[in-house]
Amino acid sequence: MNETSKKTIIDVKGLNAFYGDRQILSDISLEIIENEIMVIMGHSGSGKSTLLRHVLGLNRPVSGSIKILDQEITTLDHYALYELRKKIGVAFQNGAMFSSMNLLENVELPLHEHTRLDKNTIRIMARLKLELMDLGDNESLMPSELSGGMLKRAGLARAVVMDPNILFFDEPSAGLDPVTSAELDDLILQLRDAMNMTIVVVTHELESAFKIADRITVIDKGKQIMTGNKEEIKDSDDPRIINMLQRRAANETINADDYLNKLTRN
Amino acid sequence: MDTAKTLFLSTIDYQIKRLGLSGIFLYRTFYQIFTPPYLLEPLLKQLAFIGARSLLVIVVAGLFVGMVIALQFYDTLVRFGSVSLLGSAVGLSLIRELGPVLTALMIIGRAGSAMCAEIGIMRVDNQIDALECMAIDPYRYLFSPRILAGVISVPLLTAIFIVVGIFGGYFVGVILFGVSPGSYFQNMSDTVLNRDIIMGFSKSLVFGLLIVWIACDKGFNMHLDRRGIYGSEGVSRITTEAVVLSSIAILFSDYLLSALIL
């Protein structure tokens, strides 16, 4: 595959992010190209969800540039940002379904808000997406009546109902059994192939990452360790990546005195 | 001493910034209220929530408040031998003070707290982020119908409260204590001026705005709380804060408006 001819969809350069005084991300640079599945991997607390929030424009970075479809989102006003977001779908970790609406109404909402289609057409389009996620029989259930896996799939249905160019998926497999999470992985691959989407997945699940990814970015403690395709990641000699691949806790050498001080501090 | 001073200054600094945020919140909500497209369905939903479903509480509260002030005024007026003034005493106190203030306090307990908790949970559960990511402006979709519904329904509920209260007073004064029905109403219509009604009405308008504004702003901006309390504990805390703050804001602005209009 000749990758150089493909368009860059998301271009992150030198991103630094803070929560208060705490630096969460330092100098992240990332290019995501058309029609690829980019998996952002890292432990819990590594900053991967923060990276996602910044790319979505939910948080603004302290410094750095984030371009989506050639638009610099760090300086966009919120109307322009909303215009851009119509081309983006986001599936949140817990689905983030509106609890006052049933499943079908939840999925219909973006169409009601952004299109002038009539009610029947909207209903058909929403049902198509629910069928695709295998939720066709549950459309009249409320979010509180759904299981975790169903909520994730419902969130995915709502994220793709506008047929976005870019799809973000936060932790598709967190908290799911292996079979359900494998089904979600298949769904993600299908979406990329059938709907020509560029997909960014944030996960800490090795297995699912290696199943779906075209390229993988590994983040640890807010620093980007490497970005590459599956083989490059597997062949990496960085100890942190080797640890991650072998599911081994990092063996940091600790000074005995420091450790004692840490335990006895006030 | 020095740490106390910096703590004090940082608190002032934080509160001013927080006030600014609330101001921006109100500005953006109003901007959305006056820009098309107008959302009718969410507005009706909120009118039903704040207005229609508070009706029973308001009627019951209005009845008892009217009854108790008639009882108290009767007891006082008897000592001065001016029982015929009962109608105007009940009418004036309900229309000018008790009606707007007590209705507002009831609505805070019934709708304001629920609204604050709902928005707070939407924030914790990422539902507000999801709205933003779907390019749906939360100010338009969540808050403009709520503010509008508050401004419409609180004055109407206040009017109902006052009317029911006047009849509660009638029941105690006329039926129980035998004040003549003619003098009860005649006296009331003689003493209650347009200015009194305007005062009651403008108070209830401001209260309706304050209740919804404080409840929604507290919920929406809960993630910016400097104590960094989030999750279910955060929701319970901001809900309490919203109830306390809006009650105080109601009583404070009640004095302010009375002083301004009188």
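Residues numbered from 1 in each chain as written. Chains lettered and ligands numbered in written order. Predicted model: local features only at pLDDT ≥ 70, side-chain atom pairs only at ≥ 80, totals over all residues. Heavy atoms only, no water.

1. With respect to the pairing of strand E7 (residues 166-170) of chain A
All names here are of chain A. Of all the five residues making up E7, five are buried; the element is thus mostly covered by neighbouring parts of the structure. Residue alternation in E7 divides its side chains into two sets, Ile166, Phe168 and Asp170 and Leu167 and Phe169, and both sets are buried. The sheet contact formed by strand E6 (residues 88-91) and E7 spans four bridges and is parallel. Paired with Val90 across the strands is Phe168, a residue of E7. Regarding the hand of the β-α-β motif, the stretch spanning E7, helix H6 (residues 178-195) and strand E8 (residues 198-203) is right-handed. (Buried < 20%, exposed > 50% of the residue type's maximum accessible area, 1.4 Å probe, protein only. Helix = DSSP H or I, 4+ residues; strand = E, 2+ residues; numbered from the N terminus. Pairing = 2+ DSSP bridges. Right-handed = clockwise from strand over helix to strand, strands pointing away.)

2. Here we look at the side chain of A:Lys48
All names here are of chain A. As for its position among the elements, Lys48 is in helix H1 (residues 48-55). Residue classification places Lys48 among the buried positions, given a relative accessible area of 3%. Within polar-contact distance, the side chain of Lys48 engages the side chain of Glu171 at 3.4 Å. Not counting the four nearest positions on each side in its chain, Lys48 is found in contact with Ile40, Met41, Gly42, His43, Glu171, Val202, Thr203 and His204. (Polar contact = N/O pair within 3.5 Å; in protein donor to acceptor, adjacent residues only side chain to side chain. Contact = heavy atoms within 4.5 Å.)

3. Overview of the environment of B:Ile69
Residue and element names in this part refer to chain B. Its place among the elements puts Ile69 in helix H3 (residues 55-80). Each C-alpha atom of the pair Ile69 and Gly165 lies 9.0 Å from the other, and the pair is 96 residues apart in sequence. Those residues in contact with Ile69 that lie beyond four places of it in its chain are Val90, Ser93, Leu94 and Leu98.

4. Digging into helix H2 (residues 40-51) of chain B
The terminal C-alpha atoms of H2(B) lie 15 Å apart, and with 12 residues this matches the ideal 16 Å at 1.5 Å per residue to within 8%. Lining the buried residues of H2(B) we find H3, helix H4 (86-124), helix H6 (138-176) and helix H8 (194-220) of chain B. (Expected span 1.5 Å × (residues − 1).)

5. Structural notes on the pattern of salt bridges
One pass over the full model with this rule turns up 24 salt bridges over all chains. In this structure, B:Arg79 and B:Asp75 form a salt bridge, with 3.1 Å as the shortest nitrogen-oxygen distance. Within this pair, B:Arg79 and its partner B:Asp75 are both found in helix H3, separated by four residues, close to a single helical turn. According to the relative accessible area criterion, B:Arg79 is exposed, its value standing at 65%. For B:Asp75, a relative accessible area of 42% puts it in the partly exposed group. For B:Asp196, the salt bridge goes to B:Arg96, with nearest N and O atoms at 2.9 Å. You can see B:Asp196 sitting in helix H8 and its partner B:Arg96 sitting in helix H4, a full 100 residues away along the chain. In this structure B:Asp196 comes out as buried when scored by relative accessible area, which is 3%. When salt bridges that share partners are traced, they join A:Arg53, B:Arg123 and B:Asp129 into one network. (Salt bridge = Lys/Arg side-chain N within 4 Å of Asp/Glu carboxyl O.)

6. Re the interface of chain A and chain B
Listed per partner, the contact involves 22 residues of chain A and 20 residues of chain B. Considering only the surface of chain A that becomes buried against chain B, A:Tyr82, A:Phe98 and A:Glu113 emerge as the three largest contributors, covering 30% of it. A salt bridge links B:Asp129 to A:Arg53; the shortest N-O distance between them is 2.7 Å. At the junction of chain A with chain B, the criterion picks out eight residue pairs in polar contact (both at pLDDT 80 or more). The set of elements that each furnish at least two residues to the side of chain A that touches chain B consists of helix H2 (78-85), E6 and helix H3 (103-114) of chain A. Within the side of chain A that touches chain B, the residues separate by chemical class into 13 nonpolar, four polar and five charged. (Buried area = accessible area lost by both parts, 1.4 Å probe. Nonpolar A, V, L, I, M, F, W, Y, C, P; charged D, E, K, R; others polar.)

7. Examining the environment of B:Gly112
All names here are of chain B. For Gly112, the location among the structural elements is in helix H4. What makes Gly112 buried here is its relative accessible area of 5%. It is 8.6 Å that separates the C-alpha atoms of Gly112 and Thr239, two residues lying 127 residues apart in sequence. In this structure, Gly112 is in contact with Ile107, Ile211 and Ala215, ignoring residues within four places of it in sequence.

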